[in-house]
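Here's the letter readout for the chains.
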Amino acid sequence: MVRVDVQINYARVDALTFVTYRSDVADQTQELVHKLKYVVPRRLYPMPVQAIVEGKSIARVDIPPLRKNAAVNGESHSISKKQQLLRRQNSNKRAAAHSDIELPQEVFDAILTIES
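Residues numbered from 1 in each chain as written. Predicted model: local features only at pLDDT ≥ 70, side-chain atom pairs only at ≥ 80, totals over all residues. Heavy atoms only, no water.

Among the secondary structure elements, Asn9 is positioned in the loop between strand 1 (2-8) and strand 2 (11-20). Not counting residues within four places of it along the chain, the set of residues in contact with Asn9 comprises Tyr45, Met47, Pro48 and Ile101. (Helix = DSSP H or I, 4+ residues; strand = E, 2+ residues; numbered from the N terminus. Contact = heavy atoms within 4.5 Å.)

With that settled, consider a nonpolar patch on the surface. A cluster of nonpolar residues, Met1, Val19 and Tyr21, forms a patch on the protein surface that exposes about 370 Å² of accessible area. Structurally, Val19 can be placed in strand 2. (Patch = residues over 30% accessible without salt bridge, like charges linked within 9 Å, V, L, I, M, F, W, Y side chains within 5 Å. Areas by Shrake-Rupley, 256 points an atom, 1.4 Å probe, with all protein chains shown as cover. Salt bridge = Lys/Arg side-chain N within 4 Å of Asp/Glu carboxyl O.)

On to the sheet that holds strand 2, then. The sheet built from 4 strands is open, its strands ordered 2-1-3-4 with antiparallel pairing. Across the chains shown, the open sheet's two edge strands, defined by having one partner strand only, are strand 2 and strand 4 (56-63). Strand after strand, the sheet turns through a mean of 20° between neighbouring axes, direction not considered. Against the sheet, helix 1 (residues 25-39) contacts strand 1, strand 2, strand 3 (47-53) and strand 4, and its axis sits at roughly 20° relative to strand 4. (Pairing = 2+ DSSP bridges. Axes fitted to C-alpha atoms, helices over the stretch in contact; angles between N-to-C directions.)

With that settled, the discussion passes to the pattern of salt bridges. Going through the model one piece at a time under the given rule, you end up with 4 salt bridges. The salt bridge partner of Asp5 is Arg3, with a shortest N-O separation of 3.1 Å. For Asp5, a relative accessible area of 11% corresponds to the buried category. Arg3 sits in the partly exposed class, given a relative accessible area of 47%. Across the pair Asp62 and Arg60 runs a salt bridge, and its minimum N-O distance is 3.1 Å. Take Arg60: its relative accessible area is 42%, and that puts it in the partly exposed class. (Buried < 20%, exposed > 50% of the residue type's maximum accessible area, 1.4 Å probe, protein only.)

So this is what it looks like as structure tokens:
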């Protein structure tokens, strides 16, 4: 038996921690993180979802951002506008990193539908 910790954006979510058999852990964690990718609300930046067993990441998937980083794409805009956008996005990332992750009820409902 092993304990599986789930991290969203590098923060452990205690409500998603569970115990399972070591032989089943790979399949269950892959299914779990892929299901979480679609039910966790998106933010302005990509967020990793990881399943951690004994300090090692067994399964990982990134939740896509709500919108693309406009400063990275290939279009040629003025440099000052790109810098302004990057500053704004950077401050949003810092503010979001300090905020707690709030999970809606759909996340817990999706986990209950996973086959053991």
